[in-house]
Amino acid sequence: MTFHIAFSRLFQILILMVVTQLLLKKWVLNMIMHECSHVGCTALIPYNVRYCDKHKKQKSHETIKAHKRNDKFWGFYQSTQWRKTRNAYMDGHPWCEECLRNGHHKLATSIDHVKPLKLCDKNEQLNFDNLQSLCAKCHNYKTRQEQKSYINK
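Criteria and cut-off values
Residues numbered from 1 in each chain as written. Predicted model: local features only at pLDDT ≥ 70, side-chain atom pairs only at ≥ 80, totals over all residues. Heavy atoms only, no water. Salt bridge = Lys/Arg side-chain N within 4 Å of Asp/Glu carboxyl O. Helix = DSSP H or I, 4+ residues; strand = E, 2+ residues; numbered from the N terminus. Buried < 20%, exposed > 50% of the residue type's maximum accessible area, 1.4 Å probe, protein only. Patch = residues over 30% accessible without salt bridge, like charges linked within 9 Å, V, L, I, M, F, W, Y side chains within 5 Å. Areas by Shrake-Rupley, 256 points an atom, 1.4 Å probe, with all protein chains shown as cover. Contact = heavy atoms within 4.5 Å. Core = buried A, V, L, I, M, F, W, Y, C linked by side-chain atoms within 4.5 Å. 1 Å grid on protein atoms, 1.4 Å probe; cavity = no way out; pocket = protein on both sides within 12 Å on 5 of 7 lines; lining within 4 Å. Points joined across faces, edges and corners; volume = space filled by probe spheres on them. Nonpolar A, V, L, I, M, F, W, Y, C, P; charged D, E, K, R; others polar. Phe/Tyr/Trp six-rings, centres within 6.5 Å; stacked < 30°, edge-to-face > 60°.

Draft legend 1. Local environment of the pattern of salt bridges. In total, this model carries 4 salt bridges according to the counting rule given. The salt bridge partner of Arg-101 is Glu-98, with a shortest N-O separation of 2.8 Å. Here the residue Arg-101 and the residue Glu-98 both occupy positions in helix α6 (residues 97-101), the gap between them amounting to 3 residues, near one helical turn. Here Lys-115 ties to Glu-124 by a salt bridge, and the two come within 3.1 Å at their closest N and O atoms. For Glu-124, a relative accessible area of 23% puts it in the partly exposed group. A single network of salt bridges, built from pairs that share partners, joins Asp-112, Lys-142 and Glu-146.

Draft legend 2. Structural detail: the environment of Asp-129. You can see Asp-129 is positioned in the loop between α7 (122-125) and β4 (131-134). Residue class for Asp-129 comes out exposed when judged on its relative accessible area of 70%. When the C-alpha atoms of Asp-129 and His-113 are compared, they prove to be 9.1 Å apart, with 16 residues separating the residues in sequence.

Draft legend 3. Quick peek at a nonpolar patch on the surface. A surface patch of nonpolar side chains, amounting to about 430 Å² of accessible area, comprises Phe-11, Leu-14, Ile-15, Val-18 and Val-19. Its place among the elements puts Val-18 in helix α1 (residues 2-31). Judged by relative accessible area, Val-18 falls into the partly exposed class, the value being 40%.

Draft legend 4. Inspection of the environment of Ser-110 at higher detail. Along the polypeptide, Ser-110 turns up in strand β3 (residues 110-113). Look at Ser-110 and you get buried, because its relative accessible area is 16%. In the structure, Ser-110 is positioned 16 residues away from Pro-94 in sequence and 9.5 Å away in space, judged by C-alpha atoms. The residues contacting Ser-110, other than those within four sequence positions of it, are Arg-86, Met-90, Gln-132, Ser-133, Leu-134 and His-139.

Draft legend 5. Spatial organisation of the nonpolar core. If you look at the biggest cluster of nonpolar residues, it comprises 9 residues: Phe-73, Phe-76, Trp-82, Tyr-89, Met-90, Ala-108, Ile-111, Leu-117 and Leu-131. With 3 residues, the top contributor of residues to this core is helix α5 (residues 80-92). With residues near it in sequence (within four places) discarded, Ile-111 still touches Trp-82, Arg-86, Tyr-89, Met-90, Leu-131, Gln-132 and Ser-133.

Draft legend 6. Just the layout of surface pockets, in detail. Considered as a void within the structure, the second largest pocket measures approximately 170 Å³ in volume. In terms of lining, the second largest pocket is formed by Glu-35, Thr-42, Glu-98, Arg-101, Gln-132, Leu-134, Lys-137, Cys-138, Tyr-141, Lys-142 and Arg-144. Elements that contribute at least two residues to the lining of the second largest pocket include exactly α6, β4 and α8 (136-151). Counted by class, the lining of the second largest pocket contains 3 nonpolar, 2 polar and 6 charged residues.

Draft legend 7. Broad picture of the packing of aromatic side chains. Enumeration over the complete set of coordinates arrives at 4 aromatic pairs. When the centroid spacing of 5.3 Å and the interplanar angle of 70° are considered together, the rings of Phe-76 and Tyr-77 count as edge-to-face. A residue is classified by how much of its surface remains accessible, and Phe-76, at 16% relative accessible area, is buried. Judged by its relative accessible area of 30%, Tyr-77 falls in the partly exposed class. Centre to centre, the rings of Tyr-89 and Phe-128 are 5.1 Å apart; their planes meet at 85°, and the pair counts as edge-to-face.

So, in structure tokens, the structure goes:
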């Protein structure tokens, strides 16, 4: 009988430890923050959330539809030629070039046109000399700066 009581108590302690670890893991993971995935937004949010409260209501498929409709370069970015160029450039330049200039090593997540696509002629669109690999933070910053300069013109 005492063996059964000891085993039962041991089982309760084990379950309590597992529950505590799960709660602690959830708490720690909620403490890890990253920037909102909305282009240009720098709000810090928990790692397991994609958008901040301001952008949470926007559904990605609605954003994509609006982007397709309003962006004359959407077709270019969906082309096989761009995807091959992008992949080839990313293979040779896996680090964010802006971060490297500032002494940091961060993996790049996107390929960006140094001279904005809307200002490029056909020859510059796929030219490696006009491309740079950037992390999400640097790409969002550059995009914001470009948007501000277009608004002010």
